[in-house]
Each structure stands twice: as structure tokens, then as C-alpha cells.
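One letter stands for each residue in the lines below.
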Amino acid sequence: LAIAYLVMNVSIARCEFLAVAFRVILDLCLSQTLQQPEVQSYISSIPLDVRTIFDVLKLHPSTQSFICCPECYKLYPDSQDCPNICTYQPVQDSEVCNTPLYTRRVVRGAAKRF
């Protein structure tokens, strides 16, 4: 579940659904070989919340955001210092990419860059 959340960008709500589904499948499989109290012990030990899994596994992911040029794929740190247009040059004497890195949109009456 932690992999689904971190790598595959599955939401917390959908990870909870996956945990419930996993519990049901495990219950069906284990009930064929174990006594019901043992099965319930195993099932109840599986956390439903992906954040609990992070705590148990001591996973505390940190992420870093970047701005990516849609034309040449140059990466810029997502900060106030990021230029509005791409400044990448493949070689020193070549032309600068000059592709806009942001678009402006009006959100609730205020212009914002995305």
C-alpha cells in the first residue's frame, strides 16, 4: 500500500479500499488453513491507513518539486528564482529554448501562474 501511494500516486482513500480488499482476500485464504481466532488476529494487525504503514515502517518521504520545460525537458527548482521562460542552450552558440515555463490562469478573479 505504501508503494501504491508513493510510487503510483494512489490516493489515501483508495489505499484504504485496497487495504480492506487485501484483508478480505487474506481472510478467504487463511480461513482455509487456520482457526478463525488466528485468522482474525492476522487480519486485524493489517493497518487500514497508509499513514500508519509509514509510521510502522519508519517511512517519512520527502519530496522536491521541479518545473519542467515542456519543449526541452530542462528542470528548474520550483522556487521564486525560477525564470518565466526556459534558458536552456544545448551548446554555447546555439539558440536559447525560450519556451514559457508557466501559464497564467484566473482563479476566483485573481491571475495566478501555474
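Note that the structure is a prediction, hence the values are computed from the model and not measured.

1. A word on the pattern of salt bridges
For the coordinates displayed, the defined rule picks out one salt bridge. Here aspartate 49 ties to arginine 51 by a salt bridge, and the two come within 2.9 Å at their closest N and O atoms. Judged by its relative accessible area of 25%, aspartate 49 is partly exposed.

2. Considering the side chain of threonine 99
Mapped onto the elements of the fold, threonine 99 is located in the loop between β2 (75–77) and β3 (104–107). Not counting chain neighbours up to four residues away, the residues in contact with threonine 99 comprise Cys69, Pro70, Glu71, Asn84, Ile85 and Cys86.

3. Regarding the pairing of β3
Note: β3 against strand β4 (residues 110–113), four bridges, orientation antiparallel. Following the sheet pairing, arginine 105 is matched in β4 by lysine 112. The antiparallel pairing of β3 with β4 creates a hairpin that spans two residues between the two strands, and arginine 108 there sits at a positive phi of about 50°.

4. A short note on a nonpolar patch on the surface
Together, Ile3, Leu6, Val7, Met8, Val56, Leu57 and Leu59 make up an exposed nonpolar region whose accessible area comes to about 710 Å². Taken together, the elements giving at least two residues each to the nonpolar patch come down to α1 (2–6) and α4 (50–57). Its location among the elements puts valine 56 in helix α4. Take valine 56: its relative accessible area is 58%, and that puts it in the exposed class.

5. Quick look at the environment of proline 100
Tracing the chain through its elements places proline 100 in the loop between β2 and β3. Along the backbone, proline 100 and alanine 4 are 96 residues apart, and their C-alpha atoms lie at a distance of 33 Å. Not counting residues up to four positions away in its chain, the partners in contact with proline 100 are Pro70, Asn84 and Ile85.

6. A closer look at the packing of aromatic side chains
Taken as a whole and assessed by the stated rule, the structure comprises one aromatic pair. Arranged with centres 5.5 Å apart and planes meeting at 55°, the rings of tyrosine 5 and phenylalanine 54 form a pair that is tilted. With tyrosine 5 in helix α1 and phenylalanine 54 in helix α4, this pair connects stretches of sequence that are 49 residues apart. If you follow lysine 74 out to its NZ or CZ, it ends over the ring of tyrosine 76, 5.2 Å from the centre.

Analysis parameters
- Residues numbered from 1 in each chain as written.
- Predicted model: local features only at pLDDT ≥ 70, side-chain atom pairs only at ≥ 80, totals over all residues.
- Heavy atoms only, no water.
- Salt bridge = Lys/Arg side-chain N within 4 Å of Asp/Glu carboxyl O.
- Buried < 20%, exposed > 50% of the residue type's maximum accessible area, 1.4 Å probe, protein only.
- Helix = DSSP H or I, 4+ residues; strand = E, 2+ residues; numbered from the N terminus.
- Contact = heavy atoms within 4.5 Å.
- Pairing = 2+ DSSP bridges.
- Patch = residues over 30% accessible without salt bridge, like charges linked within 9 Å, V, L, I, M, F, W, Y side chains within 5 Å.
- Areas by Shrake-Rupley, 256 points an atom, 1.4 Å probe, with all protein chains shown as cover.
- Phe/Tyr/Trp six-rings, centres within 6.5 Å; stacked < 30°, edge-to-face > 60°.
- Lys NZ or Arg CZ within 6 Å of the ring centre and 35° of its normal.

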